[in-house]
Amino acid sequence: MSATFGGRPGRQSRISQWLRGRRPQEVTGAEDREALLLAAAAAGLPLAPAAHPVGYRCSCERVGCPTPARHPVSFAWQTQSTTDAAQIGRWASGDPEANFITATGMLHDVLDVPLEAGRAALGRLLEQDVEVGPVAESDDGRMFFYTQTRGTPEDEDEWWPCELDSHPETTEEHPGLRWHCRGSYVLVPPARLPGDDGRSVRWLRGPEHALPEPLILLETLTDACEKYAGEEPAGAVWPLQR
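Below or above, wherever it landed, is the structure these notes cover. Treat the numbers as computed from the prediction; the structure is a model and nothing was measured. (Residues numbered from 1 in each chain as written. Predicted model: local features only at pLDDT ≥ 70, side-chain atom pairs only at ≥ 80, totals over all residues. Heavy atoms only, no water.)

Looking at the overall build of the protein
Phase 1 of the analysis: Helices and strands together make up the secondary structure of the protein, namely six helices and 13 strands.
Phase 2 of the analysis: Counting every position in the protein, which comprises 242 residues, the buried fraction comes to 47%.
Phase 3 of the analysis: Carbon and sulfur atoms form 50% of the exposed surface of the protein, whose accessible area is close to 12,400 Å². (Helix = DSSP H or I, 4+ residues; strand = E, 2+ residues; numbered from the N terminus. Buried < 20%, exposed > 50% of the residue type's maximum accessible area, 1.4 Å probe, protein only. Areas by Shrake-Rupley, 256 points an atom, 1.4 Å probe, with all protein chains shown as cover.)

Below you can see the structure in the form of structure tokens.
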């Protein structure tokens, strides 16, 4: 290591190269896919089956599906979501094409930011030696930071669940940071997106990394979103205090 950053040789250049060029090996078969899903479940991410792409369309066959290949198959996804390896294995083998979602607000939350802002924030956090935790990247322009859930407050009326994120068709109205907590979900890697160009959702940092406290990441993420949006993050979504 030759270059120097913050007193530690080579750190800046290595992080920059990692952010520019790191693309984990794509899933190549059913065994790889199932292994990644089971690893996510073993890390405490509850999973449920989701729709998958059929070319540029969604497998749900809904005309004008607002979130093609990005939504659960069942309306009961919140109660259906599980970390049980046997059940996930049955789902994965029963439908080899299916994507999976992970239900948030049960055992973990997800801070969901625009890709460019997420890359800038991730670089800054790594340079500061912050324990970031699992991070996923989507080819539709979002980055997902997995965190501990805020849990259930003693005063339940103090917080609202992130309702906007439980209705994905509304999220385009909120291009900044979205805090997925109770009543929400995100696609879990490995997942495929519509199109014929191999677009996907994949891990940058896998679920073997411990989940951090969300507030440790929040300031850096909101700063990055504000910078790249060029405005105050009025559209940012997180649990709201009454």
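Observations concerning the sheet that holds strand E9 (residues 142–148)
Phase 1 of the analysis: Read across the open sheet, the six strands follow the order E10-E7-E9-E8-E13-E12; overall the sheet is antiparallel. For this open sheet the edge positions go to strand E10 (178–180) and strand E12 (191–192), each flanked by a neighbour on one side alone.
Phase 2 of the analysis: Bridge analysis of strand E8 (residues 135–138) against E9 gives four bridges, and the strand direction is antiparallel. Looking at the pairing, Val-135 lines up with Phe-145 of E9.
Phase 3 of the analysis: In this fold helix H5 (residues 115–127) packs onto strand E7 (108–114), E8, E9 and strand E13 (200–205), with an angle of close to 45° to the strand it touches most, E9.
Phase 4 of the analysis: Relative to the sheet, helix H6 (residues 214–229) contacts E7, E9 and E10, its axis offset from that of E7 by approximately 15°. (Pairing = 2+ DSSP bridges. Contact = heavy atoms within 4.5 Å. Axes fitted to C-alpha atoms, helices over the stretch in contact; angles between N-to-C directions.)

Digging into the sheet that holds strand E11 (residues 185–187)
Phase 1 of the analysis: Read from one edge to the other, the open sheet built from three strands follows the order E3-E6-E11, with strand pairing classed as antiparallel. The outermost strands of the open sheet, each flanked by one partner alone, are strand E3 (47–50) and E11. Pairs of neighbouring strands in the sheet enclose a mean axial angle of 35°, with direction left out of account.
Phase 2 of the analysis: Of the strand pairs in this sheet, strand E6 (residues 99–103) and E11 are connected by three bridges, and their pairing is antiparallel. Paired with Thr-102 across the bridge in E11 is Val-186.
Phase 3 of the analysis: On top of the sheet, helix H4 (residues 85–94) reaches E3 and E6; it is set at about 15° to E3, its chief contact.

Examining the packing of H5 against H6
Phase 1 of the analysis: Relative to each other, H5 and H6 sit at 135°, their axes nearing to 8 Å. Classified by the angle their axes make, H5 and H6 are oblique. In this structure, H5 meets H6 at a crossing whose hand is right-handed. Between H5, through Glu-116, Ala-117, Ala-120, Ala-121, Arg-124 and Leu-125, and H6, the contact on the second element is made entirely by Leu-217, Thr-220, Leu-221, Asp-223, Ala-224, Cys-225 and Tyr-228.
Phase 2 of the analysis: When the residues that make up the contact of H5 with H6 are grouped by side-chain class, the tally is nine nonpolar, one polar and three charged. (Parallel < 35°, antiparallel > 145°, perpendicular 65-115°, else oblique. Left-handed = near helix turned anticlockwise from the far one by under 90°. Nonpolar A, V, L, I, M, F, W, Y, C, P; charged D, E, K, R; others polar.)

Some remarks on the pairing of E8
Phase 1 of the analysis: In E8, alternate side chains face the same way, and those of Val-135 and Glu-137 on one face and Ala-136 and Ser-138 on the other are all buried.
Phase 2 of the analysis: Following E8, the chain reverses through three residues before pairing antiparallel with E9; Gly-141 in that reversal takes a positive phi of roughly 95°.

Observations regarding the nonpolar core
Phase 1 of the analysis: Judged by nonpolar contacts, the single largest core of 27 residues is most densely connected at Leu-47, Phe-100, Tyr-146 and Val-188.
Phase 2 of the analysis: Those residues within four positions of Val-188 in sequence are excluded, and the remaining contacts are Leu-37, Ala-40, Leu-45, Leu-47, Phe-100, Ile-101, Thr-102, Tyr-146 and Trp-203.
Phase 3 of the analysis: With 22 residues, the next largest nonpolar core counts Val-113, Ala-121, Leu-221 and Ala-224 among its residues. (Core = buried A, V, L, I, M, F, W, Y, C linked by side-chain atoms within 4.5 Å.)

Functional significance is not addressed by these values, which are geometric in nature.
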